[in-house]
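# Coordinate inspection notes
Residue strings, one per chain:
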Amino acid sequence: MGIYPTSLENLIEQFTRLPGIGQKSATRMALFVLRSNKELAEGMAKSLIEVKEKIRFCSICFNLTDDECCSICRDESRADGTICVVEGPGDQLALEESGTFKGRYHVLHGVLSPLDGIGPEDLKVGALLSRIDREGVREVILATNPTTEGETTASFLANLLSQKNKDLKITRIALGVPMGGDLKYMDRMTLEHALRSRILICS
Amino acid sequence: MNTHISPAIIMRIKEFGESDLLITFFTSDRGRLKGVAKGARRSKRRFANCLDLFCLTSLEYELKRKGDLHFLHSGKLIDAFPGLRSDFSSLSLASYMVELTEILFPLGVADNKMFELLKNSFFAIDKGKKKDLLRIQFEARAMALGGYGIDFDKCCSCGRTYTGEGRAVFKRSKGGIACLKCQQESKLSPGLDHDTVKGLKTIQSSLWSEVEALNFSDEMIREIKSVLKLHVEYRIGRRLKSAEYLD
């Protein structure tokens, strides 16, 4: 039996099930909920149920939405013909915040990871292939993260897409020195990429 | 403060809290270890690109007095094995090697030969060496280093010494070979040519540099592959997750 009343112990236990939340943080959060007014608890409970009941994948790009299609897929002002492929909804949001890309997205919901038993059939690859023909796509931008698994996923998709459509332009987001970075602290591989992908300023 | 620096292969990465990473790494002197890299997802200096999956990194970590978790101070990338990221089959093979190492070597069990085997296998994948051959070279040597080497010296049923002539049959329940008088060839007891037995025996007991120089025909690779598949699955007790993506 714990030192707190059963209902409070239950709440602490529920919080510890969240990623990155340990016993101490969970206790702090539970005590905060206890001290707060009833509206906070009711609002949280309502939002938790709502998110589970309403949120689903967009039927076109697999982004998170509470409708049949997400706001980006519904937006007619966006450019058709270019699809940016990302690992997850968080990556799509980051790209949207940059405000540079005005095309369409495709969310894979993961990367290839044999160590965790994730293969091509576990990602939204089939749906991407069918979009290429259906939407008359001319360019696919592979924007998976530059990690071992992200790079492998990009290579895998590049092969698959080029086999499917020889005329399709397949591009990869640039890799190199980040803004505000310091060359002294860069690793060999990043510098190699940065030098290989250098751009001409004037000739 | 008891800090230690050693080359390590990054085996697994898990996001931990706001900006930390939980890292499983394999070292030559202390075996497989787990550690927390505080602020690694934000830090561009202490862990510059060195905590990526399967990278060879020089890690500076603090040895814990109790518990399993070490504290990672910093790291410097030695090799990222770019060839490993070039296609799915390379990543699958590297994942299989790591998964097998994890099973054969529990936390804290050190074996310098195993570290060298994993490192050299990654270098070989990176260089684009034949994957079927690399797989059998790794499996046979790793199983032997983990204490599950196949006995090629005598028939595991009648005890007769194997002279290195004629075919032999692999018997998975005994982890050894049997003569044709004691065991007939079947799907679960595949036969091996005398050259295959010799080759497999050499892989099990030799250093990487010696094995690299050996020549294996496609037929030998096929025979060894079926024997090792049975042997690994029988000794481990299940099929490895990553094995699904190898064939």
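For the structure given in this document, a descriptive report is provided here. The numbering scheme is per chain: residues are counted from 1 as the chain's sequence reads. Both sets of labels track the order of writing: A upward for chains, 1 upward for ligands. Only residues with pLDDT of 70 or above have their local features reported here, since the model is predicted, and side-chain atom pairs are shown and tallied only from 80 upward, although totals for entire chains, interfaces and linings are computed over all residues. To obtain the side-chain values, all non-hydrogen atoms of the structure were included, while hydrogens and water were left out.

## Here's the deal with the nonpolar core
Residues and elements named next belong to chain B. Basically, it comes down to this: For the purposes of this section, nonpolar cores are sets of buried Ala, Val, Leu, Ile, Met, Phe, Trp, Tyr and Cys residues that join through side-chain atoms within 4.5 Å. The buried label applies to any residue whose accessible area, calculated with a 1.4 Å probe on protein chains only, is under 20% of its type's maximum; exposed applies above 50%, and partly exposed to all values in between. Think of it this way: any DSSP run of H or I at least four residues long counts as a helix, any run of E at least two long counts as a strand, and we number them from the N terminus. Where a domain begins and ends is set by an automatic assignment or by a domain database. Any two residues having at least one pair of non-hydrogen atoms within 4.5 Å are treated as being in contact.
Within the largest apolar cluster, 35 residues are counted, with the highest numbers of intra-cluster contacts made by F54, L100, M114, F122, I125 and F138. Among the elements of the structure, strand 1 (3–16), helix 1 (88–104), helix 2 (112–126), helix 3 (131–145) and helix 6 (218–236) are those that each provide at least two residues to this core. Among the elements that take part in this core, helix 1 stands out by supplying eight residues, more than any other. Of the domains in this structure, domain 1 (4–80) and domain 2 (83–149 + 186–245) are the two that each give at least three residues to this core. With residues up to four places along the chain from it excluded, the contact list for F138 reads M97, L100, T101, M114, L117, L118 and S121. I136, I203, M220 and L228 belong to the second-largest nonpolar core, a separate cluster that totals 21 residues.

## So, the sheet that holds strand 2 (residues 20–27) of chain B
Strand pairing in a sheet is mediated by backbone hydrogen bonds. Such pairs are either parallel or antiparallel. Residues and elements named next belong to chain B. Just so we agree on the cut-off: When DSSP locates at least two bridges between a pair of strands, those strands are taken to pair. The axes used here are C-alpha line fits, helices contributing only the stretch in contact, and every angle between their N-to-C directions lies in the interval 0 to 180 degrees.
The strand order 1-2-3-5-4 describes a closed barrel built from five strands, whose pairing is mixed. Each neighbouring strand pair of the sheet contributes to a mean axis angle of 50 degrees, computed without reference to strand direction. As paired elements, strand 4 (residues 56–62) and strand 5 (residues 69–79) share seven bridges and run antiparallel to each other. Within strand 5, the position partnered with E60 by the bridge is S74. Here helix 1 sits on the sheet in contact with strand 1, strand 2 and strand 3 (31–37), set at roughly 110 degrees to strand 1.

## With respect to the environment of L214 of chain B
Within the secondary structure, L214 of chain B is located in the loop between helix 5 (208–212) and helix 6. Between the C-alpha atom of L214 of chain B and that of I203 of chain B, which follows or precedes it by 11 residues, the distance is 9.0 Å.

## Thoughts on a nonpolar patch on the surface
All names here are of chain A. Rules: Patch definition: residues above 30% relative accessible area lacking any salt bridge, with like charges linked at up to 9 Å and the nonpolar side chains Val, Leu, Ile, Met, Phe, Trp and Tyr linked at up to 5 Å. In this description, accessible areas are obtained by the Shrake-Rupley approach with a 1.4 Å probe, and a residue is regarded as covered only by the protein chains that are shown. Within this document, salt bridges are pairs made up of a side-chain nitrogen of Lys or Arg and a carboxyl oxygen of Asp or Glu, the two lying within 4 Å of each other.
Taken together, the side chains of V51, I55, F57 and L64 present a nonpolar region at the surface, about 320 Å² in accessible area. By secondary structure assignment, the location of I55 is in the loop between helix 3 (38–54) and strand 1 (56–57). What makes I55 partly exposed here is its relative accessible area of 36%.

## What about the sheet that holds strand 7 (residues 176–178) of chain B?
All names here are of chain B. With antiparallel pairing, three strands are arranged side by side in an open sheet as 7-6-8. Two strands lie at the open edges of the sheet, namely strand 7 and strand 8 (191–192), each paired on one side alone. Alignment of strand 6 (residues 168–171) against strand 7, held across three bridges, turns out to be antiparallel. Counterpart to V169 in the pairing with strand 7 is A178.

## Here's the deal with helix 8 (residues 188–196) of chain A
Since the α-helix packs 3.6 residues into each turn, any two residues three or four apart lie on the same face. The condition is simple: It is the directions from the helix axis to the C-beta atoms whose arc is reported. In protein, a polar contact means a hydrogen-donor-capable atom and an acceptor-capable atom, both N or O and within 3.5 Å, with residues adjacent in sequence counting only if both atoms are side-chain atoms; elsewhere, any N or O pair within 3.5 Å suffices.
Those residues of helix 8 of chain A that sit buried are M189, T190 and H193 of chain A. The buried residues of helix 8 of chain A occupy an angular sector of 100 degrees when projected down its axis, which confines them to one face. Of the residues in helix 8 of chain A, the exposed ones pointing more than 90 degrees away from the buried face are R188 and L195 of chain A. Buried residues along helix 8 of chain A sit in contact with strand 5 of chain B. Here helix 8 of chain A starts with a cap whose side-chain oxygen sits 3.0 Å from the backbone nitrogen of M189 of chain A, and that cap is D187 of chain A.

## Quick notes on the pattern of salt bridges
One pass over the structure, following the stated rule, counts 30 salt bridges over all chains. One salt bridge in this structure joins R78 of chain A and E96 of chain A, with 2.9 Å as the shortest N-O distance. Linking R78 of chain A in the loop between helix 4 (71–74) and strand 3 (82–86) with E96 of chain A in helix 5 (residues 89–98), this pair joins segments that are 18 residues apart in sequence. By relative accessible area, R78 of chain A is classed as buried at 10%. One connected set of salt bridges, linked through shared partners, spans D116 of chain A together with R12 and E102 of chain B.

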